[in-house]
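Spelled out, the chains give:
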Amino acid sequence: MTPPLLEVQNLTKRYGARIGCADVSFRLYPGEVMGIVGESGSGKSTLLNCLAGQLEPDLGRVLFDTRAEGPKDTLTMSEPERRMLGRTDWAFVHQNPRDGLRMRVSAGGNVGERLMAVGARHYGDIREAAVDWLGRVEIDADRVDDRPAAFSGGMQQRLQIARNLVTGPRLVFMDEPTGGLDVSVQARLLDLLRGLVRRMGLSAIIVTHDLAVVRLLADRLMVMKEGHVVETGLTDQVLDDPQHAYTQLLVSSVLQV
Amino acid sequence: MSDYNFAYLDEQTKRMIRRAILKGVAVPGYQVPFASREMPMPYGWGTGGVQVSSAVLTPEDTLKVIDQGADDTTNAVSIRKFFQKVADVAVTEKTEDATVIQTRHRIPERDLTEEQILVYQVPIPEPLRFLEPRETETRKMHALEEYGLMHVKLYEDISRHGAISTAYAYPVKVEDRYVMDPSPIPKFDNPKLESSALQLFGAGREQRIYAVPPYTKVASLDFDDHPFDPSKANHVCALCGAEDSYLDEVIVDDEGGRMFVCSDTAYCASRRGEAA
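Residues numbered from 1 in each chain as written. Chains lettered and ligands numbered in written order. Predicted model: local features only at pLDDT ≥ 70, side-chain atom pairs only at ≥ 80, totals over all residues. Heavy atoms only, no water.

## Some remarks on the overall build of chain A
Across its full length, chain A holds 10 helices and 10 strands. Taking 2.2 N^0.38 as the reference for a compact globule, 257 residues should give roughly 18 Å; the C-alpha atoms of chain A span a radius of gyration of 18 Å, in line with that estimate. C-alpha extents for chain A along the principal axes are approximately 55 × 50 × 40 Å. Considering chain A as a whole, with its 257 residues, one finds that 51% of them fall into the buried category. Contacts spanning at least 24 positions in sequence make up 67% of the contacts within chain A whose residues lie at least 6 apart. Counting only carbon and sulfur atoms, one obtains 49% of the accessible surface of chain A, whose full area is about 11,600 Å². Distance between charge centroids for chain A: 5 Å, based on 30 positive and 33 negative side chains. (Helix = DSSP H or I, 4+ residues; strand = E, 2+ residues; numbered from the N terminus. Rg over C-alpha atoms; globule rule 2.2 N^0.38 Å. Buried < 20%, exposed > 50% of the residue type's maximum accessible area, 1.4 Å probe, protein only. Contact = heavy atoms within 4.5 Å. Areas by Shrake-Rupley, 256 points an atom, 1.4 Å probe, with all protein chains shown as cover. Lys, Arg positive; Asp, Glu negative; His and termini not counted. Charge placed at Lys NZ, Arg CZ, Asp CG, Glu CD.)

## Examining the nonpolar core
Judged by nonpolar contacts, the single largest core of 66 residues is most densely connected at Val 111, Leu 159, Ile 161 and Val 172 of chain A together with Phe 223 of chain B. When residues no more than four places from it in sequence are discounted, the contact partners of Val 172 of chain A are Ala 91, Val 93, Leu 165, Leu 202, Ser 203, Ala 204 and Ile 205 of chain A. Core analysis: the next-biggest nonpolar cluster, separate from the first, contains 32 residues, Met 16, Val 52, Ala 55 and Leu 200 of chain B among them. (Core = buried A, V, L, I, M, F, W, Y, C linked by side-chain atoms within 4.5 Å.)

## A look at the interface of chain A and chain B
Opposite the 22 residues of chain A that make contact, chain B presents 21 residues. Carbon and sulfur atoms make up 56% of the area that chain A and chain B hide from each other, which totals about 1,800 Å². Per-residue buried area on chain A facing chain B is highest for Arg 83, Arg 121 and Tyr 123 of chain A; these three make up 39% of the total on that side. Where chain A touches chain B, the interface holds 4 salt bridges. Of the charged contacts in the structure, one is a salt bridge between Glu 137 of chain B and Arg 83 of chain A, with a shortest N-O distance of 3.0 Å. The interface formed by chain A and chain B holds 12 residue pairs in polar contact (both at pLDDT 80 or more) in total. Taken together, the residues of the side of chain A that touches chain B break down into 7 nonpolar, 5 polar and 10 charged. (Buried area = accessible area lost by both parts, 1.4 Å probe. Salt bridge = Lys/Arg side-chain N within 4 Å of Asp/Glu carboxyl O. Polar contact = N/O pair within 3.5 Å; in protein donor to acceptor, adjacent residues only side chain to side chain. Nonpolar A, V, L, I, M, F, W, Y, C, P; charged D, E, K, R; others polar.)

Quick look at the structure:
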């Protein structure tokens, strides 16, 4: 069996006396999409930020299977190394595209930034890659010189995804990627994401409170409550046959149209 | 005269500034923080440059001050008078006679020598500032050599204007390490940053000093398919006929009349002197 891409051991983050997330352990294998669900304040985003190196956890290990040196603890590696991972093998899709985009830089510049950050110095090539990626996320090529401020919310989110995937990352962190979008735009974005994840063989960790999102995208599910993982399993197993009382509540709370 | 210490600043302050200068020379292109003093002129008038000049001046020095290349503009005249008053040093308008040259927005046309120090007035020392407003973040980017963002700016130039339209304060990489803002000199002057003279940069409001030692490698950033181009107006000087100097465009009437003249007045005057 292939080794896991990401292995998390006993990850704990406290905010003073309060618990952010406690004792979280799991493995993520290449090509696998893991969903983390739970209500607001359950520690989902804290966990994601700890995994992506944006928050420093108090305890635990996060082993990432690096290309060069195999499994390495991202918490103890040097900052340059971690930031390098952050712009090559990792990608982070924020809930609010304004957090993940440079709003005063054109769409092409936004997509090209990661390429230039890893040393691309040929304008024509960078621009070609940018146009190619805009096409892949269904943004017209003639919008390449427009600033994200001129884009709709759905387009901004798609642009953010293009900007993140252009360097061919192996692990994508997504924090509520469909939050704040209306349902038809959500559906289109989900469709796009599902296609990209499958085609590129990406591994992803998706944090959301929207069960429909994980139903469509995730292979496995982790349910969190008050900082603890209360239930894990295959997505349909957890959603169709919830065992924990909180999961049962969560599943039964979804509105049926 | 006796009311002031030599060159206005007290000796302890000059020591502090010299220490920052030495550190800057040791780490070319690195912005060294220093405790900038209040000077008897407003920020933006060259308080950083004046403090650096004050720290390097000796009684035997000959000072030249230029503003946009000219010796006779307000900023240059007032700073020159300031040092005449507080340091009683000799002053000159001739580039070759000066030992210390304080400048705003230009490098003299005549090649400088190892005997000379060029002091720049710098408004904003951080080349990444307009792209990344957080100082903590830009310091980290310098420390970790994360300069991709600088090329994003050049990319935006090309995508919007078809060419790198940054014409002044054109970012350079010093000794293959630090990206540096050469102060708002025209990009025409960028090749002259590789010089025999010691070049010191002082930013008073931002409290930074940096340096380019003699014979240091200074490369202007560019793309492989859009190489750096030190362009200038496609004319010759209307006064001295120079083809190789940076030109100012001067509007001479309200009917569209204009002329192009050397921005370096000392260079222009010396050429006319030779021609006559």
